[in-house]
Amino acid sequence: AAPCRRSLAVLPSAGGRLSAAAQKSVGRKGVIGMTTTARHPTLRSSLAFCGYVLVKPFKGFYELKYERRGTLGAGLIFLLLYFVSAVVEAIGTGYAFNPDQGTPVNIGMVFLRSVMPVTLFCIANWCLTLMLDGEGTMPQIFIGLCYALIPLTAVNFLNTLLSNVLTLNESTYISFLTALGFLWTGLLVVVSVMEINQYSFSRAIAACLLSIVGIAVLLLIFLLCFNLVQQILVFIQSIYKELSYRW
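Source: prediction; values computed, not measured.

J.: Kindly report on helix H5 (residues 72–92), identifying the contributing residues and their values.
T.: Because each turn of an α-helix spans 3.6 residues, side chains separated by three or four positions in sequence point in the same direction. With 21 residues, H5 ought to run about 30 Å at 1.5 Å a step, and its terminal C-alpha atoms sit 30 Å apart, in line with that. Within H5 the residues assigned to the buried category are Ala-74, Gly-75, Phe-78, Leu-79, Tyr-82, Phe-83, Ser-85, Ala-86 and Val-87. Considering only its buried residues, H5 is in contact with helix H3 (43–55), helix H6 (107–131), helix H7 (138–148) and helix H8 (150–163).

J.: Describe in detail the confidence of the model for the chain, supporting the description with residues and values.
T.: Scored by pLDDT, the chain has a mean of 81; 83% of the residues are at 70 or more. pLDDT under 50 marks residues 1–38. Its contacts with residues more than four places away, or in other chains, come to 13 contacts.

J.: Break down the nonpolar core for me, with residues and values.
T.: Phe-61, Phe-78, Leu-79, Leu-145 and Tyr-147 are the most contacted members of the largest nonpolar core, which has 41 residues in total. Sorting the residues of this core by element identifies H3, helix H4 (57–66), H5, H6, H7, H8, helix H9 (171–197) and helix H10 (201–246) as the ones contributing at least two each. Contacts of Phe-61, omitting those with residues within four sequence positions, involve Val-53, Gly-144, Tyr-147, Leu-188, Val-191, Ser-192 and Glu-195.

J.: Please set out the pattern of salt bridges residue by residue, giving values where relevant.
T.: Here the idea is simple: oppositely charged side chains can pair when their charged atoms come close. Summed over all chains, the structure comprises two salt bridges. A salt bridge links Glu-63 to Arg-69; the nearest nitrogen and oxygen atoms lie 2.8 Å apart. In this structure, Glu-135 and Lys-65 form a salt bridge, with 3.7 Å as the shortest nitrogen-oxygen distance. Residue Glu-135 is found in the loop between H6 and H7, and its partner Lys-65 is found in helix H4; the two are separated by 70 residues along the sequence. What makes Glu-135 partly exposed here is its relative accessible area of 47%.

J.: How would you summarise the side chain of Asn-197 if you had to cite specific residues and measurements?
T.: Tracing the backbone shows Asn-197 in helix H9. Dropping the residues within four chain positions of it, Asn-197 is found in contact with Asn-125, Thr-129, Asp-133, Gly-134, Glu-135, Gly-136 and Ile-141.

J.: Can you lay out a nonpolar patch on the surface for me, pointing to particular residues and giving the numbers?
T.: A cluster of nonpolar side chains, contributed by Leu-228, Val-229, Ile-232, Leu-233, Phe-235, Ile-236, Ile-239 and Leu-243, occupies part of the molecular surface with about 740 Å² of accessible area. Counting through the fold element by element, Leu-243 comes out in helix H10. A relative accessible area of 41% means that Leu-243 is categorised as partly exposed.

J.: I'd love a proper account of the packing of H7 against H9, names of residues and values included.
T.: Interaxial distance between H7 and H9 falls to 9 Å at its minimum, and their mutual angle equals 155 degrees. Considered as vectors, H7 and H9 are oriented roughly antiparallel to each other. As for the relative orientation of H7 and H9, their crossing is right-handed in sense. Across the interface between the two elements, Gln-140, Ile-141, Gly-144, Leu-145, Tyr-147 and Ala-148 from H7 touch Thr-185, Leu-188, Val-189, Ser-192, Ile-196 and Asn-197 from H9. Residue classes in the contact of H7 with H9 are distributed as seven nonpolar, five polar and no charged.

J.: Lay out the environment of Gly-144 with the relevant residues and their values.
T.: Checked against the element boundaries, Gly-144 lands in helix H7. Filtering out sequence-adjacent residues up to four positions away, Gly-144 remains in contact with Phe-61, Leu-64, Ser-192 and Ile-196.

J.: Can you tell me about the packing of aromatic side chains, naming the residues and giving the values?
T.: For the coordinates displayed, the defined rule picks out six aromatic pairs. Here the aromatic rings of Tyr-62 and Tyr-66 are separated by 4.7 Å at their centres, their planes lie at 35 degrees, and the arrangement is tilted. Taken as a pair, Tyr-62 and Tyr-66 lie in helix H4 at a separation of four residues, close to a single helical turn. Taking relative accessible area as the criterion, Tyr-62 reaches 39% and is therefore assigned partly exposed.

Criteria and thresholds
- Residues numbered from 1 in each chain as written.
- Predicted model: local features only at pLDDT ≥ 70, side-chain atom pairs only at ≥ 80, totals over all residues.
- Heavy atoms only, no water.
- Helix = DSSP H or I, 4+ residues; strand = E, 2+ residues; numbered from the N terminus.
- Expected span 1.5 Å × (residues − 1).
- Buried < 20%, exposed > 50% of the residue type's maximum accessible area, 1.4 Å probe, protein only.
- Contact = heavy atoms within 4.5 Å.
- pLDDT = per-residue confidence, 0-100.
- Core = buried A, V, L, I, M, F, W, Y, C linked by side-chain atoms within 4.5 Å.
- Salt bridge = Lys/Arg side-chain N within 4 Å of Asp/Glu carboxyl O.
- Patch = residues over 30% accessible without salt bridge, like charges linked within 9 Å, V, L, I, M, F, W, Y side chains within 5 Å.
- Areas by Shrake-Rupley, 256 points an atom, 1.4 Å probe, with all protein chains shown as cover.
- Axes fitted to C-alpha atoms, helices over the stretch in contact; angles between N-to-C directions.
- Parallel < 35°, antiparallel > 145°, perpendicular 65-115°, else oblique.
- Left-handed = near helix turned anticlockwise from the far one by under 90°.
- Nonpolar A, V, L, I, M, F, W, Y, C, P; charged D, E, K, R; others polar.
- Phe/Tyr/Trp six-rings, centres within 6.5 Å; stacked < 30°, edge-to-face > 60°.

Here it is as C-alpha cells:
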C-alpha cells in the first residue's frame with residue numbers, strides 16, 4: 001500500500017495539477033538538473049558553443065552568462081588562437097603584401113598589439129560597469145570578449161593564406177575580409193557588453209567607446225608609474241654611488 005500511495009502522490013489531482021509533494025519533488029529535481037548543467041559545462045561543449053554565438057549573438061551571449069555555457073578555459077584558448085593567428089600573419093604573409101618578410105618578428109610586439117588591447121579593454125569595461133550599473137563580472141566580460149575575437153582570428157589565418165596566392169591587383173579581397181572581420185568582431189563585442197551587463201544597444205555602444213577612452217587612461221597611468229619607478233631607481237642608484245665613493 002505504501003508504494004501505491006507514493007506513486008499516487010506523483011499523479012495529477014482531479015483539477016489537473018500535481019500534488020504539493022509532487023510539485024516540490026519535480027521542482028527540486030528540475031532545479032538540481034538545471035544547476036548541474038549550467039554550472040558544469042565541459043571544455044568541448046564550451047568550445048563548440050562558439051558556433052552558436054556567431055550565428056545567434058544576442059541569445060548566445062545571454063546564455064553565456066546566465067546559463068554559463070562558456071568557460072574561462074575556452075576563453076583562454078580562443079585568446080591564444082587569436083595571438084597565434086597574429087603571429088602567423090606577421091610571419092607568413094606573402095612578400096607582395098609584406099615587404100618586410102624575412103626580417104625577424106618581434107613576438108613581444110605582436111603580443112602587445114593583439115593580447116594587450118583585449119586585456120586593457122576588459123579591465124576598462126569592468127571599471128565602467130561599477131559606475132554605469134552593469135551586471136557583468138570580470139570573468140564574464142573576459143570570456144565574452146574572447147568569444148567575440150573568433151571572426152578576427154579566422155580572418156587572420158585566411159588572409160595569411162590568401163596573401164601567398166593572390167597578387168597586388170587582387171588585394172581588394174584581403175581588404176574586404178579584413179574589414180568584415182573587424183566589423184563582425186566589433187558587433188560581437190557590443191552585443192557581448194550589452195547582454196552581459198544588461199544594457200540597451202545604445203548604452204552598450206557608449207560603454208565600448210568609453211572603454212576605449214579608459215584604455216588610453218590606463219596607458220597614461222602605466223607610463224606615469226613607469227616613469228616614477230624609473231626616477232626612483234635612478235635616485236637610489238645615485239645615492240648608492242655617492243655612498244660608495246665616500247666609503
